[in-house]
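Chain by chain, the residues:
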Amino acid sequence: MHVIGVGFGRTGTLSLKVALEELGLGPCYHMREAIASPGHKRLWLEAAQGGPVDWDRLLGGYRSTVDWPGCYFWRELIEAYPEARVVLTVRDPERWYSSTRETIYRLSTWVARVAAPFFPTARGMAGMTEAIIWNGTFGGRFTDREHAIGVFERHIEEVRAHVPADRLLVYDVREGWEPLCRFLGVEAPPDRPFPHVNDRDHQKSKIRRARVLVGSLGASLALATLAGVALRRRRR
């Protein structure tokens, strides 16, 4: 493990993931990997519930990590990998809150309410994000704007107080390659712009696609149920 990203989601963490991988410091673990990797949602949930964690087993093969769920365990990770550099992504707190509420919070609550009854993966995702983000990080009070922003700001303060300055980069992804590459001691990719991905419109598009998918599934299940009822009546 070479780089540990300790910033909350919606602070440019997916852009940082792509950047680290372009710099040869990948693969980089991100919430996307937690969702896609079989068994990982259960392992993160167990960790959130106080179970023992074999970090090499969970993150083996990854050279960096950013975003949730890893940033929830930032203290454990920087202790487990004392040679890793630490990057704290930051953003204007008000803009961070609005973006998070309109994207990942909205998607997470919708998944828990609508998709989880149909899909085991959605149930695992809902359980993990509830335990680590909405309850674990924000104490079940994310919709309280003042409280959530306070958690966000205290997290930044705690990281800055805990991590030695020569090991830590406080970083806004809008700064681009220069401060990141200088901190990591690597060359910036020539003639390649810094990646800026996962904007708000993209997240909203994901929510719309998910709604269409589950809506179609619900309609199919309803039609199948009606067909089954009609068939049973005919047999009588």
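Remember, it's a predicted structure, so these values are computed and weren't measured experimentally.

**Here's the deal with the overall build of the protein**
In step 1: Counting its secondary structure elements, the protein contains 10 helices and five strands.
In step 2: Looking at the protein residue by residue over its 236 residues, the buried ones come to 47%.
In step 3: When contacts within the protein are restricted to residue pairs at least 6 apart in sequence, long-range pairs at least 24 apart make up 77% of them.
In step 4: Surface accessibility of the protein: about 12,300 Å² in total, with carbon and sulfur atoms responsible for 52%.

**Notes on the confidence of the model for the protein**
In step 1: Counting all residues, the mean pLDDT for the protein is 88, and 84% of those residues have values of 70 or more.
In step 2: In this model residues 216–227 is a low-confidence stretch, pLDDT under 50, and it forms three contacts with partners more than four residues away in sequence or in other chains.

**Quick notes on the sheet that holds strand E5 (residues 168–171)**
In step 1: Taken in spatial order, the five strands make up an open sheet running E2-E3-E1-E4-E5, and their pairing is parallel. Where the open sheet ends on each side, the last strands, each with one partner, are strand E2 (28–29) and E5.
In step 2: Across four bridges, the pairing between strand E4 (residues 85–89) and E5 is parallel. Within E5, the position partnered with Val 87 by the bridge is Leu 169.
In step 3: Relative to the sheet, helix H8 (residues 145–162) contacts E4 and E5, its axis offset from that of E4 by approximately 155°.

Parameters and conventions
Residues numbered from 1 in each chain as written. Predicted model: local features only at pLDDT ≥ 70, side-chain atom pairs only at ≥ 80, totals over all residues. Heavy atoms only, no water. Helix = DSSP H or I, 4+ residues; strand = E, 2+ residues; numbered from the N terminus. Buried < 20%, exposed > 50% of the residue type's maximum accessible area, 1.4 Å probe, protein only. Contact = heavy atoms within 4.5 Å. Areas by Shrake-Rupley, 256 points an atom, 1.4 Å probe, with all protein chains shown as cover. pLDDT = per-residue confidence, 0-100. Pairing = 2+ DSSP bridges. Axes fitted to C-alpha atoms, helices over the stretch in contact; angles between N-to-C directions.

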